[in-house]
Amino acid sequence: MSTVQLSHAVKRFGAVAALDDVSVDFADGEFFGLLGPSGSGKTTLLRAVAGFVDLDAGEIRMDGAPVGDRPVHRREIGMVFQSYALFPHLTVRDNIGFGLAVRGRPRSEIDAEVKRMLALVQLSGLEARKPRQLSGGQQQRVALARALVTRPRVLLLDEPLGALDKRLRQEMQVELKRIQRTVGITTIFVTHDQEEALTLSDRIAILNEGRILQVGPPAEVYERPATSFAARFLGDANLLEGRVVAGGVEVAGVGVVRTAGRLPAVGELARLAIRPEKFAIGGANGTVVPPLNRIRGVVRHVVYSGTSITYQVEAGQEAISIIDMQEIRPRILTVFQQNRTAEPLAIGTAIELSWAPANTIVLAS
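Just so we're clear, the structure is a prediction, and the values are computed from it rather than from any experiment. (Residues numbered from 1 in each chain as written. Predicted model: local features only at pLDDT ≥ 70, side-chain atom pairs only at ≥ 80, totals over all residues. Heavy atoms only, no water.)

A. How the structure looks around helix 3 (residues 107–120). Helix length check: helix 3, at 14 residues, gives a terminal C-alpha distance of 20 Å against a target of 20 Å (1.5 Å per residue), a fit within 8%. Of all the residues in helix 3, the buried ones are I110, E113, V114, M117, L118 and L120. Down the axis of helix 3, the buried side of the element spans an arc of 155 degrees, and every buried residue falls inside it. Those residues of helix 3 that are exposed and angled more than 90 degrees off the buried face are S108 and K115. Where helix 3 is buried, its residues contact helix 2 (92–102), helix 4 (136–148) and helix 5 (166–183). Just downstream of helix 3 lies Q122, where phi reads positive at about 60 degrees. (Helix = DSSP H or I, 4+ residues; strand = E, 2+ residues; numbered from the N terminus. Expected span 1.5 Å × (residues − 1). Buried < 20%, exposed > 50% of the residue type's maximum accessible area, 1.4 Å probe, protein only. Arc of directions from axis to C-beta. Contact = heavy atoms within 4.5 Å.)

B. A look at the sheet that holds strand 13 (residues 255–257). With antiparallel pairing, five strands are arranged side by side in an open sheet as 13-12-11-14-20. Looking at which strands have only one partner, the edges of the open sheet turn out to be strand 13 and strand 20 (361–363). Each adjacent strand pair in this sheet contributes to an overall mean axis angle of 45 degrees, direction not counted. Where strand 11 (residues 238–245) and strand 14 (residues 269–274) come together, six bridges link them in antiparallel fashion. Bridging across to strand 14, N238 finds its partner in I274. (Pairing = 2+ DSSP bridges. Axes fitted to C-alpha atoms, helices over the stretch in contact; angles between N-to-C directions.)

C. Seen up close, the nonpolar core. Judged by nonpolar contacts, the single largest core of 34 residues is most densely connected at I96, M117, V142, L144, L148, L155 and L157. Among the secondary structure elements, those contributing two or more residues to this core are helix 2, helix 3, helix 4, strand 7 (154–158) and helix 5. Take this core: its biggest share by element is six residues, from helix 4. Every residue in contact with L144, bar those within four places of it in the chain, is listed here: V80, L155, L157, L176 and I179. Among the nonpolar cores identified, the runner-up in size contains 26 residues, and V4, L6, A9 and M79 belong to it. (Core = buried A, V, L, I, M, F, W, Y, C linked by side-chain atoms within 4.5 Å.)

D. Region of interest: the environment of G316. Here G316 is to be found in strand 17 (residues 308–322). Under the relative-accessibility criterion, G316 is labelled partly exposed at 38%. For the pair G316 and L333, spaced 17 residues apart in sequence, the C-alpha separation works out to 10.0 Å. When neighbours within four sequence positions are excluded, G316 is seen to be in contact with R329, P330 and R331.

In C-alpha cells form, the structure reads like this:
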C-alpha cells in the first residue's frame, strides 16, 4: 500500500492554529488513530492528507513523493465520513460501485468488484436494498466498501463509528479491524473515543491545540503518558504533585511516593499520575504488603456499573492553584475495581489504598 509523512504542517483559520508545526509518519499497512478533544486539529490533519485542506506551510508526502499540488481525485484516497454520506436513492450495489462508475469502468468489472466488496464486508444478498432499509452497522459497512472498491492507497476514517450505539459500535470495532487487516491498507482514523482508539490502533497520536503531544502504541501511551493532559485524556488518572527527595517524591498529606520512573533532581517539583485500576484496596476488605505505596482515605462516592465499581475516595487535602491564589481542598482519588464482591463498599468506609512503585507515572508536564 503506502506510507504517508507530514513534515512541519501548519494550517491556520484566522488566529487559530488548527495544525501547529505537526510532523508525523504513518507506516505502510498500519491502523493509526488520531485522538483528541474537539478543536484539537485531528480532523484538519485528516482532511489535509485527503486534499480537502491546503496547508499554509509544511509538506505531505505519500511513498516519499510530495502531494501538495495533487488534487483530491488523484491522491488515491478512500474516505469514510461519520454520516456515511450514502446516496439514499441508490441501491447498495450502486452505492458501492459509484466510484468505479464515474471512472468509466465497464459494467462487468463493476459487478465483479462490488461482489468482492459485499463478501468482504459480509453484506452479500443485500445489494438490492436502499440505505434506509439497512441498520446503522450495515450502512457503515456499505460506506466502507464504497471507499475500498477503488483500491485506494490510503483509507481515511472520520469518526467512523460515532453514529452507532455502544453495543453496535463495539461489534463494528472488531469488524473494522478484521477488514483492515484483510485488505492490508494504510488506515488513519479520527476519534474522540478512548476505548475505540485503544481497540483499533497499532499506534496513537494524542493531539491538543494543533500539536501532537505523544505518539506510540496504545499500551505505551496508556501506561506511560508523557503529560498530564495525555494521562487524563486517554483514560482516567489521579494526579499528585510534590517535591523530589531521596527515595521518591514527597507529597503533602501522603508522604514519600516511590516510583520506578526517572525523577528530576532532588528539590525539584514532580508531577505524578496513578491509573484508577492500579490501586488495591486494603483496610476494609484486604491487606497491604510492603513495599507498596500506601495512602489512607474514606469512600465518599460509589458508582456501581455491574461488572465494575468506581469509588471516589477522599485522601487528605491538596492545594489547588487558582490564578494567583491557592485553595486547600479535599484530595479526591478515583479508584476502579472489578466487581468481585457481593456488595460495594459503603460510603464512609475507611480504607487503605496501595499501589506498586512501577505504577507511579512520572509526567514531563
